[in-house]
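Now for the letters of each chain:
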Amino acid sequence: CTRTGLVKPCRLLSPLPVVQISERPLVHQESLPKLPVPPLQQTCSRYLASLEPLISAEEMTHTRELMDEFLRPGGIGERLQKSLERRARKTENWVRKKHALHYNCTLSLQSKHSLDYRFAAKLIAGVLDFKSMIDSHTLPVEYLGGKPLCMDQYYQVLSSCRIPGPKRDTVVNYAVGKTPPTHITVVHNFQFFVLDVYNSDGSPLTVDQLYVQLEKIWNSSLQSNKEPVGILTSNHRNTWGKAYNNLIKDKTNKESVRAIQKSIFTVCLDAPKPRVSDEMYFNKVAAQMLHGGGSRWNSGNRWFDKTLQFIVGEDGSCGLTYEHAPAEGPPIVFLVDHVVDYMKRSEMVRTPMIPLAMPQKLRFNITPEIKKDIEKAKQNMNIMVNDLDVRVLNFTHYGRKFPRSYKMSPDAFIQMALQLAYYRMYQTCCPTYESASLRMFKLGRTEAIRSTTTESLQFTKAMDDPSKHVQKAALLEEAIKVHRKHTHMAIHGQGIERHMLGLRMIAIEDLTSLPDIFMDTSFAVASHFNLYTSQVGSKTDCVMCLGPMVPDGYGICYNPMDDHINFAVTAFNSCEETNATRLSQFLEDSLLDMKTLLEQVSKTQ
């Protein structure tokens, strides 16, 4: 996971519920509409409105002048818009770009008390059960507001891997080849094993069989002095790209790497971490899922390019980390919910009495040059681990049912609490990114909701102003209404972020110099998202974690359950201005104060 804190957000659930209907997903796939290019005038006026709470009146005047020039009839703006519309007509999705950055997200589940091979075996069986729906195309189609959603990402998460390239990376899905993989990889004490998960008749291994195989792996990898080859994948992409070419020069190494890349998914059996207080436990588990805790612990017990890695710790910690290029959060969350449900069932399958072959251990020949690359990767990883602060807040006072009882969107309500927490900590607001799903459209990925608005700023200022006592609730209601409107526009392909990015990319390709509107200081200010946020709508009581987008920012992920909300807040220790613990405290206070506000108003009515 390069720049392990710089992690993409994972999922937004809109105010409308996502409904699953059992029918063949690919029937709808071809009939999905293409992502539209929003009208130029609409995006530009909404862009200017999004700047109002963030920049001075003087800067605003200057930016308006640049925008007038950009929108001049027959000018640059119109030319770029026409080029973008042409691109949209010719491609399935005009936003999709090649992968240049590398991001990982993580999800941690409620922990068990100690490692149980049966638990790990059931987890593997649950994922294979999910895979059977993928293979037979019987995965239920998701609908939002009566419209089918793009299911393509669900078909990209298994048997796929990111491959380093000289200029850019590629993501390869091995499931689409003539011989789809039938093995997973298991890593323990930095040693990788190929575990075949299907019997010769094509049936998946039973939980009992998987248990026996995991025990064999465990017992033949007890030495803890092996070179952590996997830590190479945590390096910056350029550095890893060079080390990768160096690594696969050797035939044995190349075959071992290919076996990991082609596997259906990876299971990491982690060594126990040092004991911490109950208060710190969930923070440490979330951090371990994100980066493994450093080279002394489990950061080498990973292959960060693998799309899916399930982590089961000897100390009972459990979760997953996923590479973000092939998919957003929804398939991952659906998969986790499915596996958790599967693990609750009792097993009815009789285990065949056929003895199974010993899982194959993958060998690596470590040359002095590779050893040097590993040492450098260890140093870089340890710097990142020490720099990333992770705080888990289990807010237990209420959950999504409370704002709903006031006919308010829980997501918008939480976003306003984040705005209030930040304002109270810094006495100013900041650019805020919330991830929205574009899956109403073919091959749709994400759009940004810009949560900081003139209305949200008016609310946050009023909250601690005694003279505004009467207006507070009305200002909160108005800010939530505006946020819902922005959410609706974003998920319907009318957002600002991707359109502005598209215009800028076309300008880079077609023009000799960038238009002034993209060179404007305000453009850089508006894109410097100090709050990088995402809602994870999961049935499972879990915590998803993502890192800050900018060095002086925060990454905030939240999972609203009926009666509580799980938050994970991350920040960099190297930045003196940010403090994840303090922001978490302000967030808790803000959520409580907003509840009190609404209750007081309802009493007086």
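Everything numeric here is computed off the predicted structure, so don't read it as measured data. (Residues numbered from 1 in each chain as written. Predicted model: local features only at pLDDT ≥ 70, side-chain atom pairs only at ≥ 80, totals over all residues. Heavy atoms only, no water.)

(A) Helix H8 (residues 251–262), seen in detail. For H8, built from 12 residues, the straight-helix expectation of 16 Å at 1.5 Å per residue is met to within 8% by its first-to-last C-alpha distance of 16 Å. When we look at burial in H8, the residues that qualify are Asn253, Ser256, Val257, Ala259, Ile260 and Gln261. Summarising the contacts, the buried residues of H8 are in contact with strand E5 (160–163), strand E7 (183–188), strand E8 (191–196), helix H7 (237–247) and helix H11 (368–387). For H8, the side-chain oxygen to backbone nitrogen distance between the N-cap and Thr252 is 2.9 Å, and the N-cap itself is Asp250. (Helix = DSSP H or I, 4+ residues; strand = E, 2+ residues; numbered from the N terminus. Expected span 1.5 Å × (residues − 1). Buried < 20%, exposed > 50% of the residue type's maximum accessible area, 1.4 Å probe, protein only. Contact = heavy atoms within 4.5 Å. Polar contact = N/O pair within 3.5 Å; in protein donor to acceptor, adjacent residues only side chain to side chain.)

(B) Region of the structure containing the UniProt feature "active site" (unreviewed entry) in the protein chain. The UniProt entry lists His324 under the feature "active site" (unreviewed entry), expressed in the numbering used here. Position of His324 among the secondary structure elements: in the loop between strand E11 (318–323) and helix H10 (329–344). His324 sits in the buried class, given a relative accessible area of 6%. In terms of polar contacts, His324 uses its side chain to reach the side chain of Glu328, at 3.1 Å. (UniProt positions renumbered as here; feature names shortened; annotations may be inferred.)

(C) Representation of the pairing of strand E19 (residues 565–572) in the model. The buried fraction of E19 amounts to eight of the eight residues, a majority that puts the element mostly inside the structure. Sheet analysis places strand E13 (residues 388–395) next to E19, joined by eight bridges and oriented antiparallel. Counted as the bridge partner of Leu388 is Phe572 from E19. Across seven bridges, strand E18 (residues 554–560) lies against E19 in antiparallel orientation. Bridging from a neighbouring strand, Ile556 pairs with Val569 of E19. The antiparallel hairpin formed by E18 and E19 contains four residues in its connecting segment. (Pairing = 2+ DSSP bridges.)

(D) Inspection of the packing of aromatic side chains at higher detail. Applying the stated criterion across every chain, the model contains 20 aromatic pairs. With 6.2 Å between their ring centres and 75° between their planes, Phe402 and Phe413 make a pair best called edge-to-face. Of the two residues, Phe402 sits in helix H12 (residues 401–405) while Phe413 sits in helix H13 (residues 410–426), which places them 11 residues apart along the sequence. One residue, Arg118, lies across the ring of Tyr211, its end atom 5.3 Å from the ring centre. Above the face of the Phe402 ring, Lys595 is positioned so that its terminal group lies 5.7 Å from the ring centre. (Phe/Tyr/Trp six-rings, centres within 6.5 Å; stacked < 30°, edge-to-face > 60°. Lys NZ or Arg CZ within 6 Å of the ring centre and 35° of its normal.)

(E) Spotlight on the pairing of strand E15 (residues 446–450). Of all five residues that make up E15, five are buried, and the element is covered over most of its length. In E15, alternate side chains face the same way, and those of Thr446, Ala448 and Arg450 on one face and Glu447 and Ile449 on the other are all buried. Bridge count between strand E14 (residues 432–437) and E15: five bridges; the pairing is antiparallel. Residue pairing in the sheet places Ala436 in a bridge with Glu447 of E15.

(F) Quick look at the nonpolar core. Residues Leu123, Ile124, Phe130, Leu139, Ile184, Phe265 and Leu308 are the most contacted members of the largest nonpolar core, which totals 59 residues. Counting residues per element, the ones that place at least two in this core are helix H5 (117–135), E7, E8, helix H6 (207–219), strand E9 (266–270), strand E10 (308–313), E11 and H10. Looking at this core, the element that brings in the most residues is H5, giving 12 residues. (Core = buried A, V, L, I, M, F, W, Y, C linked by side-chain atoms within 4.5 Å.)

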